[in-house]
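Fold and contact review
Below, each chain spelled out in residue letters.
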Amino acid sequence: MQYGLEVDTYKRIENKNKNKKDLRVVYSPLKLGIFFSVGILLSRISLVLNLSTLESIAPFGIAYILALQSSKDKMYKLLGSSGVILGYLTLVYRVEDVSMYIITSCILVSTDLINIKIGGKSEGIRRGAVLFLSMMIFKYFIDGNGIISSIILSGVLTIIIEGISYIVKYSVSCLEEFNTNHIFISEELISISILISLSVAGIGGVSILNISIRNIIALVFILIIAYTSQGALGAAMGISMGLIIGITMDKMLLYITLYGVCGLVVGVFKDIGKIFSAVCFVIMYSILNLYAQVFDVYMIVEAVISVFIFLAIPNTFINKLMLEIDAEKKEDKYTEFHLSKIKEEFTRRFRDFTQLLGDMSEVMQGFGDNNKLLLKNKSAALIENLADRVCSNCDMKYMCWKRELYSTYGSFSELIKSSEEGVIVFPEELEKKCVKKHALIKSTEEIVEKHILNEMWKKRLEEGRMLLANHIGNMADTVDEILTDLDRDMELCSEFERSLKRTLNRNNFKYLDLFCYEDKKGRINIKITLENCHGAQYCVKEALPIINKVIGRPMSIGGDGCSIDPKSNQCKVLIEETPKYHIASYVALSCKEGEKYTGDSHSFNKTKDGCYMTLVSDGMGSGPGAGEESKAAVELIEKFTEAGFNNMTAINAVNSIMNMKFAEDEKYATLDMNTVDLYSGDISFMKIGAVASFIKSGDSVEEISSKTLPFGVLDKVDVDIINRKVKSGDIIITLSDGILEINKDQSGSTRWLVNYLRECKSTNPKEMVHDILEKAKELSGGKSKDDMTVVASKVYSLY
């Protein structure tokens, strides 16, 4: 850049223009239509006072204009005010002084458009003064009333309109909070119901075949609000609707009773369902009409039509409105939302950590490439080192390394190479001229020996670094799988939880805390904290029947039953959905001939996710060493599954851990694992270097086999996953390879065991495992050639 050249600062002019474009207001057609329609409907409401000087008034339209003037959006104000003026025009022959309301409305809109604003409380005083003066001038000059009468009537109307405008303004502001995270309180919902009631009342006496449109719409609103909220709010909605419509029809008490009681009935019976609530509504509506002695067939028809409209409304709309109105549900929704955000942030940070581990693994693996760059320099370095040690004080140095450099360099290279191969051959070129032959040979041997030792240590360090890099990479994969499990682990069941708490309280069942959630398989789990009952089993005798009734599914005590916290002396109980199946397992085992300890390990138990897991691991060899390896594999798998991780995550994590352990003495272990879903009967076999398993179903036998490598052979675990389905009465046979090592000719053959299982008539798994073990010993010449383990698990149906 030229020195001294002045360059203007870069300005984002284009972005400014884009921002100006973005400031354009986009109006919602639906919202514009609502503001306009509400203006028409509110202005059409007239109150009959039956006074000598003031028979009827229509203050709601002007009140709506005053409420809109606090808004900053002119388009909504103009449309709402236009609707008010249009609505007043429809009352020309029904309300006295309707022209006064039209003129006053125009004056209020004009003064607002002039934009003369004072602000604060003075703004409200200005609007009130304009309203009062407009009506007083009309009363005095056009109606011809006296000055005192005009002032009093205008003052009364001003107070009424100001009061109504406050209610309307509050209601409109509450409506704007829909589809936000705002949780409505009862006062806000009642104010919204008042605005809806006023709008419905503005429909007037429009009817088709003597059927009132206003009554049908009013009943539909009451049904919707009462069904989506509590009974108290339904009654409040009905009372406000009945009050406003009753005043306009001079039947206030009748409509308050009809709408209020019907709203209460729908709210009370809403938990039973839409149809039952609607039927109760029609029955109560008919009874009240009969009791009030105003029974009219058309009113019953109106009620029936409103019910059909209510039933035709999609449940998606009902549920969405229920989520807005019901404070508990909305609070639960945003609580779950916040929890999900916290979970996302937690997951994000851990995923960053897994990314860091992966990057560390890649960087450490990349270090190996640096050794390739040094290979070219190693030979030259050895030659220079040898020359420095032997030739630095030699009288022949000038001739060898100046005049005959290339031949000397090549001869030294040949000497070093022969020394590395173990037999030193002194080059002919050096025989002719080297005066330090013995010193050169000795130094060569020392340098080569040192070089070989250094290379051995470097190689071991390189292998260790690569092994550590692989383990770090496996750790990253395992943590990522763990995060995936945690992300889909459970969901809150707020609705079930509230119903359970209400029902338990109603039945006077005392509890300290209750938590209801769905696990990752969609099954309901309930955790209850109680005072220590000292073995009285209140959870089984009292709580469980109530929970079964509320949930509507068979439930049972899960886990290990009641667990007592010694510090708080409180009892914590897990209640889960009752599984369809139960499994009983038995094991028979035998050590290798001459050994006191078996190298096999096994385990079978129910897991927290509603499955039954069976594990058999065979350590390489026999005795305590092999048993230690197989026991470690089984225990680690159990720990991971008990912590809630899926089987594949557990296996990968165990493989990484066992790789580090096995690296010491190159020992391995197999794993034969099967998990049965106790709710569906689905079984998954996971085999890592294990022999075949079997499913005996009646007289048929299915063999489950695979060809995989044991733990610790590969960085990534080699596993076969085979899925099947079992039913009541099936028996699952899991064994170690010692059972099949009967002789050299039939080593690993399963033929004899398949034939035995087909011919076996016993359905007792305990007898079966002992028979299989004895048969294997018999075929092995009466002794165990290897550690033998066989597990039989029988499936029973609970219902």
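Where an unreviewed UniProt entry is consulted, the chain appears under the name Stage II sporulation protein E, with the organism given as Clostridium intestinale URNW.

What follows is about the overall build of the chain. For the chain, the helix and strand inventory stands at 26 helices and 20 strands. Expressed as a percentage of the 799 residues in the chain, the buried residues total 45%. A fraction of 66% describes how many contacts in the chain between residues 6 or more apart in sequence connect residues 24 or more apart. Entry remark: accessible area of the chain is about 43,300 Å², with carbon and sulfur atoms responsible for 58%.

Here the focus is empty space enclosed by the protein. One water molecule sets the probe size; rolling that probe over the atoms shows where empty space is left. What the rule picks out here adds up to 3 cavities of 30 Å³ or more. Approximately 130 Å³ is the volume found for the largest cavity. If you go around the largest cavity, you meet 15 residues; those closest to its centre are Cys391, Cys394, Cys400, Phe412 and Cys434. Elements that contribute at least two residues to the lining of the largest cavity include exactly helix 16 (369-391), helix 17 (397-403), helix 18 (405-420) and helix 19 (428-433). With 3 residues, the single largest contributor to the lining of the largest cavity is helix 17. Each residue belonging to the lining of the largest cavity can be placed in one class, and the counts come to 11 nonpolar, 1 polar and 3 charged. If you trace the second largest cavity, you find it lined by Ile65, Gln69, Lys77, Leu78, Ser81, Val109, Asp112 and Leu113. Taken together, the elements giving at least two residues each to the lining of the second largest cavity come down to helix 4 (74-89) and helix 5 (98-114). For the lining of the second largest cavity, the per-class residue count stands at 4 nonpolar, 2 polar and 2 charged.

Looking now at the sheet that holds strand 13 (residues 611-618). Reading across from one edge, 12-13-14-15-18 is the order of the 5 strands in this open sheet, with antiparallel pairing throughout. The open sheet is flanked by strand 12 (600-606) and strand 18 (720-725), the only strands paired with a single partner. Between one strand axis and the next, the sheet turns by 10 degrees as a mean value, whatever way the strands run. Where strand 15 (residues 682-688) meets strand 18, 6 bridges bridge the pair, whose relative direction is antiparallel. In the strand pairing of strand 18, Ile683 is matched with Arg724.

With that settled, consider the sheet that holds strand 19 (residues 731-735). Sheet architecture is open: 5 strands sit in the order 11-20-19-16-17, paired in antiparallel fashion. Single-partner strands in this sheet number two, and they are strand 11 (581-590) and strand 17 (700-704). Neighbouring strand axes in the sheet, compared pairwise and without regard to direction, differ in orientation by 20 degrees on average. Inspection of the sheet shows strand 16 (residues 693-697) paired to strand 17 by 5 bridges, in the antiparallel sense. Among the inter-strand pairings, Lys696 is bridged to a residue of strand 17, identified as Val701.

Here we come to the UniProt feature "transmembrane region" (unreviewed entry) in the chain. As recorded in UniProt, the sites labelled "transmembrane region" (unreviewed entry) are residues 25-42, 48-68, 148-168, 189-210, 216-245, 252-269 and 299-318. The distance separating the terminal C-alpha atoms of residues 148-168 is 30 Å; by composition the span is 100% helix and 0% strand.

What follows is about the nonpolar core. The biggest cluster of nonpolar side chains holds 83 residues, and the ones touching the most others in it are Tyr88, Tyr101, Met241, Tyr259 and Phe281. Every residue in contact with Met241, bar those within four places of it in the chain, is listed here: Ile196, Ser197, Val200, Ala218, Phe221, Ile222, Gly246 and Tyr259. Within the second largest apolar cluster, 24 residues are counted, among which are Ile739, Trp752, Val754 and Val790.

Here helix 21 (residues 494-506) spans 18 Å end to end across 13 residues, near enough to the 18 Å set by a 1.5 Å rise per residue. Restricting attention to buried positions, one finds in helix 21 the residues Ser494, Glu497, Arg498, Ser499, Leu500, Thr503 and Leu504.

With that out of the way, let us pick up the packing of aromatic side chains. When we look at a pair of aromatic rings, we describe it by the centre distance and by the angle of the planes. Within the structure shown, the criterion is met by 8 aromatic pairs. Here Lys274 stacks its cationic end above the ring of Phe310, 5.3 Å away from the centre of that ring.

The subject of this paragraph is the environment of Tyr88. The residue Tyr88 is located in helix 4 in this model. In the structure, Tyr88 is positioned 45 residues away from Ser43 in sequence and 5.7 Å away in space, judged by C-alpha atoms. Ignoring any residue separated from it by four or fewer positions in sequence, one finds Tyr88 in contact with Ser43, Ala58, Pro59, Phe60, Gly61, Ile62, Val98, Tyr101, Ile102 and Ser105. Side-chain polar atoms of Tyr88 contact the backbone oxygen of Ala58, separated by 2.7 Å.

On to the packing of helix 2 (residues 29-43) against helix 4. Their axes nearest at 7 Å, the elements helix 2 and helix 4 cross at an angle of 30 degrees. Relative to helix 4, helix 2 is oriented so that their crossing is right-handed. Note on element contacts: helix 4 touches helix 2 through Met75, Tyr76, Leu79, Gly80, Ser82, Gly83, Val84, Leu86, Gly87 and Tyr88, opposite Lys31, Leu32, Phe35, Phe36, Gly39, Ile40 and Ser43. Residue composition of the contact of helix 2 with helix 4, by class: 10 nonpolar, 6 polar and 1 charged.

What follows concerns a negative patch on the surface. A cluster of like negative charges, contributed by Glu767, Asp771, Glu774 and Glu778, occupies part of the molecular surface. Accessibility expressed as a relative area gives 57% for Glu778, which makes it exposed.

Take the confidence of the model for the chain next. Summary statistics for the chain give a mean pLDDT of 79 and a share of 84% for residues scoring 70 or more. Considering each helix and strand of the chain separately, the mean pLDDT is smallest for helix 1 (residues 13-22), with a value of 44, and largest for strand 19, with 93.

Time to look at the side chain of Ser617. Looking at the element boundaries, Ser617 is found in strand 13. The class for Ser617 is buried, based on a relative accessible area of 0%. Only 2.6 Å separates the side chain of Ser617 from the backbone oxygen of Thr670, close enough to count as a polar contact. Once residues lying within four places of it in the same chain are set aside, the contact partners of Ser617 are Gly599, Asp600, Ser601, Ser630, Ala633, Val634, Ala669, Thr670 and Leu671.

Tracing the backbone through its elements, the reader meets Asp296 in the loop between helix 12 (274-291) and helix 13 (297-312). When the C-alpha atoms of Asp296 and Ser286 are compared, they prove to be 9.2 Å apart, with 10 residues separating the residues in sequence.

Turning our attention to the pattern of salt bridges. This structure, assessed with the given rule, holds 12 salt bridges. For Asp97, the salt bridge goes to Lys139, with nearest N and O atoms at 2.7 Å. Placement of Asp97 in the loop between helix 4 and helix 5 and of Lys139 in helix 6 (residues 121-142) is noted, with a sequence separation of 42 residues between them. The partner of Lys727 in a salt bridge is Asp730, and the shortest N-O contact between them spans 3.6 Å. Exposure remark for Asp730: the relative accessible area of 3% places this residue in the buried category. Shared partners join several salt bridges into a network, and the residues in it are Asp97, Lys139 and Asp143.

Cut-offs used in this document
- Residues numbered from 1 in each chain as written.
- Predicted model: local features only at pLDDT ≥ 70, side-chain atom pairs only at ≥ 80, totals over all residues.
- Heavy atoms only, no water.
- Helix = DSSP H or I, 4+ residues; strand = E, 2+ residues; numbered from the N terminus.
- Buried < 20%, exposed > 50% of the residue type's maximum accessible area, 1.4 Å probe, protein only.
- Contact = heavy atoms within 4.5 Å.
- Areas by Shrake-Rupley, 256 points an atom, 1.4 Å probe, with all protein chains shown as cover.
- 1 Å grid on protein atoms, 1.4 Å probe; cavity = no way out; pocket = protein on both sides within 12 Å on 5 of 7 lines; lining within 4 Å.
- Points joined across faces, edges and corners; volume = space filled by probe spheres on them.
- Nonpolar A, V, L, I, M, F, W, Y, C, P; charged D, E, K, R; others polar.
- Pairing = 2+ DSSP bridges.
- Axes fitted to C-alpha atoms, helices over the stretch in contact; angles between N-to-C directions.
- UniProt positions renumbered as here; feature names shortened; annotations may be inferred.
- Core = buried A, V, L, I, M, F, W, Y, C linked by side-chain atoms within 4.5 Å.
- Expected span 1.5 Å × (residues − 1).
- Phe/Tyr/Trp six-rings, centres within 6.5 Å; stacked < 30°, edge-to-face > 60°.
- Lys NZ or Arg CZ within 6 Å of the ring centre and 35° of its normal.
- Polar contact = N/O pair within 3.5 Å; in protein donor to acceptor, adjacent residues only side chain to side chain.
- Left-handed = near helix turned anticlockwise from the far one by under 90°.
- Patch = residues over 30% accessible without salt bridge, like charges linked within 9 Å, V, L, I, M, F, W, Y side chains within 5 Å.
- Salt bridge = Lys/Arg side-chain N within 4 Å of Asp/Glu carboxyl O.
- Lys, Arg positive; Asp, Glu negative; His and termini not counted.
- Charge placed at Lys NZ, Arg CZ, Asp CG, Glu CD.
- pLDDT = per-residue confidence, 0-100.

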